[in-house]
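Here is what each chain is made of, one letter per residue.
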Amino acid sequence: MGYSILGVTTMETLKWGIIGGGLMGREFASALGRWFALTGDVPPALLVAVCDLNPTARDWFKRVPGVTQITGEADELLANPDVDAVYVALPHNLHREFYVRTLQSGKDLLAEKPFGIDLEAAQFVCDEAKRLGRFVRCSSEMPFLPGAQRAWKMAQQLDVLGRVLEVRSGFLHSSDLDPNKAANWKRQNRFCGENGVLNDLGMHVAHVPLRLGWKPSRVYAQLQHGFGERPDGRGGMTVCDTWDNALLHCDVEIGGEVVPMRWETKRMAPTETNTWYFEVLGTKGGVRFSTKTPKTLFVFENGREQSWKAIDLGHASVFETVTGGIFEFGFPDSILQMLAAFACERAGVLGDRFGMATPDEAVASHQVWAAALQSHAEKRAIEVE
């Protein structure tokens, strides 16, 4: 991953390809375009190749410096010897096929969530990555916000929290409250998967708890459908059969005690545009962060009076950048931080910093989703594999 000159380690440039040049593909390219803003021991990175079936989507990438291959054929990109790793941003039903094709081509993989359309697909991709010895991680940007990082670090300090009483983690959207919003592939099981909103948003919710070692042992799920049909964008209507809201009430062992933990993923959450949150409450202290107030971390210390202390945060990122600490942190910054984590962990220089979701964590999330579907169908709590 690097070489040494006079005792100084020089890391090789990580050359990226993208399969799927839509919304997230463009965000990915934009983050790589700001790579020079990172400082410290982060390997250089460059986007060199893009694949998309849509000519309009492909044309956008002509403005990106460094891109030498723009194609409509995935096999052409995967055969490119200049590409080290590939970001695959395709509909869920295509994940298994293109993740495996990427791995078998000899490339490392940044997978979009979910890690395959269901548990069987996730386990297959995980096993194939291990068999081939490829470096693989799954996308989850929100935990890289400064407040999320502070909350994650405090959640590890059981001496500060005391006995943990409750954990909450969630990701909430509201755009599906509009019944006239045209349906896309995420609203149909054949493309999105039977897990519905859990496939779409669940990895964001599961990432921090799983990294803390807080995998649910049992789950009781409440799932909701939204509107049964929506405009198809061509003057007609189409069926929408995915789950739009999911509340998972879980048991998890923390510090030798069984603790209630709630995971909440919703496409229909009134007043919420794009809100991620994480909260831990204990007998001695607690911590809460939400992107609804992205500059503020709330900390609780037990005492005679019960209250939250608000801490105003600046641009205190995991991977240092040229951005001044007094400035605000945003979603594009979290993508840059996530990609820096991928590059550093791949190069063996992540250290004790927070990393992207691993294949094993992605499989663990799918084990929870499978139990959730069974729980809702049978109206009872289900043990998680």
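Colleague: Can you help me understand the pattern of salt bridges in this one?
Modeller: Note that side chains of opposite charge can pair when their charged atoms are close. Counted under the stated rule, the structure contains 28 salt bridges. In this structure, Glu 361 engages Arg 211 in a salt bridge whose closest nitrogen and oxygen atoms are separated by 2.7 Å. Taken together, the residues span a long stretch of sequence, with Glu 361 in helix α11 (residues 359-378) and Arg 211 in helix α9 (residues 197-211) at a distance of 150 residues. Between Glu 328 and Lys 295 there is a salt bridge, with the nearest N and O atoms lying 4.0 Å from each other. Here Glu 328 is found in the loop between β18 (308-312) and α10 (331-347), whereas its partner Lys 295 is found in the loop between β16 (285-290) and β17 (296-301), with 33 residues between them in sequence. A relative accessible area of 57% means that Glu 328 is categorised as exposed. By relative accessible area, which is 29% here, Lys 295 ends up partly exposed.

Colleague: Hey, could you run me through the sheet that holds strand β14 (residues 257-266) in this one?
Modeller: Strands in a sheet are paired, the pairing made by backbone hydrogen bonds, and the direction either parallel or antiparallel. A sheet is described by the order of its strands in space; here nine strands give the open sequence β18-β17-β16-β15-β9-β14-β13-β10-β19, paired in mixed fashion. Unpaired on one side and paired on the other, β18 and β19 (382-383) mark the two borders of the sheet. Of the strands in this sheet, β15 (274-282), β16, β17 and β18 touch helix α6 (residues 146-155), which is tilted by about 155° from β16. Across the sheet, α11 lies against β10 (218-224), β13 (245-254), β14 and β19, angled at about 65° from β10, the strand it touches most.

Colleague: Sorry if this is basic, but what is going on with the side chain of Lys 113 here?
Modeller: Inspection of the secondary structure assignment puts Lys 113 in the loop between β7 (108-111) and α5 (119-132). Within the structure, Lys 113 has its side chain in polar contact with the backbone oxygen of Asp 200 (distance 2.6 Å). Apart from the residues lying within four places of it in its own chain, the contact partners of Lys 113 are His 92, His 95, Cys 138, Ser 139, Asn 199, Asp 200, Met 203 and His 204.

Colleague: Would you mind going over the sheet that holds strand β5 (residues 69-71) with me for this structure?
Modeller: Reading across the sheet, the six strands line up as β5-β4-β3-β6-β7-β8 and stay open at both edges, with parallel pairing between neighbours. Only two strands of the sheet have a single partner each, and these edge strands are β5 and β8 (136-138). Averaged over all neighbouring strand pairs, the angle between strand axes comes to 20°, with direction disregarded. Strand direction decides the pairing type here: strand β3 (residues 14-19) and strand β6 (residues 85-88), joined by four bridges, are parallel. By the bridge assignment, Trp 16 is partnered in β6 with Ala 85. Docked against the sheet, helix α1 (residues 23-33) engages β3, β4 (45-51), β6 and β7, running at close to 165° with respect to β3.

Colleague: Looking at this model, I keep getting lost on the state of the cysteines. Mind explaining?
Modeller: One covalent bond between the sulfur atoms of two cysteine residues makes up a disulfide. Following the criterion strictly, the structure yields zero disulfides and no others. Considering cysteine sulfurs only, Cys 138 is the nearest to Cys 126, which forms no disulfide, with 11 Å between them.

Colleague: Could you clarify how one ought to interpret the pairing of β6 in this entry?
Modeller: Consecutive residues of a regular strand have side chains that alternate between opposite faces of the sheet. On β6, burial covers both faces: Ala 85 and Tyr 87 on one face and Val 86 and Val 88 on the other are all buried. Relative to β7, β6 runs parallel, the two being bridged by four bridges. From the neighbouring strand, Val 86 faces β7, where its bridge partner is Leu 109. This β-α-β element, β6 to helix α4 (residues 95-104) to β7, shows right-handed connectivity.

Colleague: How should the packing of aromatic side chains be read in this particular structure?
Modeller: For any pair of aromatic rings, geometry is given as the distance between the ring centres together with the angle between the planes. One pass over the full model with this rule turns up eleven aromatic pairs. Where Trp 16 meets Phe 28, the ring centres are 5.0 Å apart and the plane angle is 80°; that geometry is what we call edge-to-face. One end of the pair, Trp 16, is in strand β3; the other, Phe 28, is in helix α1, and twelve residues separate them in sequence. Between the aromatic rings of Trp 276 and Phe 289, the centroid separation amounts to 6.4 Å while the plane-to-plane angle is 50°, which identifies the pairing as tilted.

Colleague: Please clarify how the packing of α9 against α11 should be interpreted in this entry.
Modeller: In helix packing, the relevant descriptors are the interaxial angle and the interaxial distance, both defined with respect to the helix axes. Where α9 meets α11, the closest approach of the two axes is 9 Å, and the angle between their N-to-C directions is 120°. One finds that α9 runs oblique with respect to α11. The two elements α9 and α11 meet at a crossing, and its hand is right-handed. Of the residues in α11, those touching α9 at Leu 198, Asn 199, Gly 202, Met 203, Ala 206, His 207, Leu 210 and Arg 211 are Glu 361, Ala 362, Ala 364, Ser 365, His 366, Trp 369 and Ala 372.

Colleague: Teacher, can you tell me more about α1 here?
Modeller: Owing to its 3.6 residues per turn, the α-helix brings residues three or four apart onto one side. Within α1, the full set of buried residues consists of Gly 25, Phe 28, Ala 29, Ala 31 and Leu 32. One face of α1 carries all of its buried residues, which in axial projection span an arc of 160°. Packing partners of the buried residues in α1 comprise β3, β4, α2 (55-60), β6, β7 and α10.

Colleague: Is there a simple way to explain the confidence of the model for the protein chain in this structure?
Modeller: As a note on interpretation, predicted positions should not be read in detail where pLDDT is low. Across the protein chain, the average pLDDT comes to 95, with 97% of residues at or above 70. Residue range residues 1-9 is modelled with pLDDT below 50. Its contacts to residues more than four positions away, or to other chains, number 13 contacts.

Colleague: Would you take a moment to explain the environment of Tyr 277 for this structure?
Modeller: Its location among the elements puts Tyr 277 in strand β15. A C-alpha to C-alpha distance of 5.7 Å links Tyr 277 and Ser 169, two positions 108 residues apart in sequence. For Tyr 277, the residues in contact, after removing those within four places along its chain, are Arg 168, Ser 169, Gly 170, Leu 172, Arg 262, Glu 264, Phe 289 and Ser 290. Here the side chain of Tyr 277 touches Glu 264 through a polar contact of 2.4 Å, side chain to side chain.

Colleague: Sorry if this is basic, but what is going on with the environment of Gly 236 here?
Modeller: Along the chain, Gly 236 turns up in the loop between β11 (229-231) and β12 (237-239). Separated by 181 residues in the primary sequence, Gly 236 and Pro 55 have C-alpha atoms spaced 26 Å apart. Excluding residues within four positions of it along the chain, Gly 236 makes contact with Arg 230 and Pro 231.

What counts, and where the lines are drawn
- Residues numbered from 1 in each chain as written.
- Predicted model: local features only at pLDDT ≥ 70, side-chain atom pairs only at ≥ 80, totals over all residues.
- Heavy atoms only, no water.
- Salt bridge = Lys/Arg side-chain N within 4 Å of Asp/Glu carboxyl O.
- Helix = DSSP H or I, 4+ residues; strand = E, 2+ residues; numbered from the N terminus.
- Buried < 20%, exposed > 50% of the residue type's maximum accessible area, 1.4 Å probe, protein only.
- Pairing = 2+ DSSP bridges.
- Contact = heavy atoms within 4.5 Å.
- Axes fitted to C-alpha atoms, helices over the stretch in contact; angles between N-to-C directions.
- Polar contact = N/O pair within 3.5 Å; in protein donor to acceptor, adjacent residues only side chain to side chain.
- Disulfide = S-S within 2.5 Å.
- Right-handed = clockwise from strand over helix to strand, strands pointing away.
- Phe/Tyr/Trp six-rings, centres within 6.5 Å; stacked < 30°, edge-to-face > 60°.
- Parallel < 35°, antiparallel > 145°, perpendicular 65-115°, else oblique.
- Left-handed = near helix turned anticlockwise from the far one by under 90°.
- Arc of directions from axis to C-beta.
- pLDDT = per-residue confidence, 0-100.

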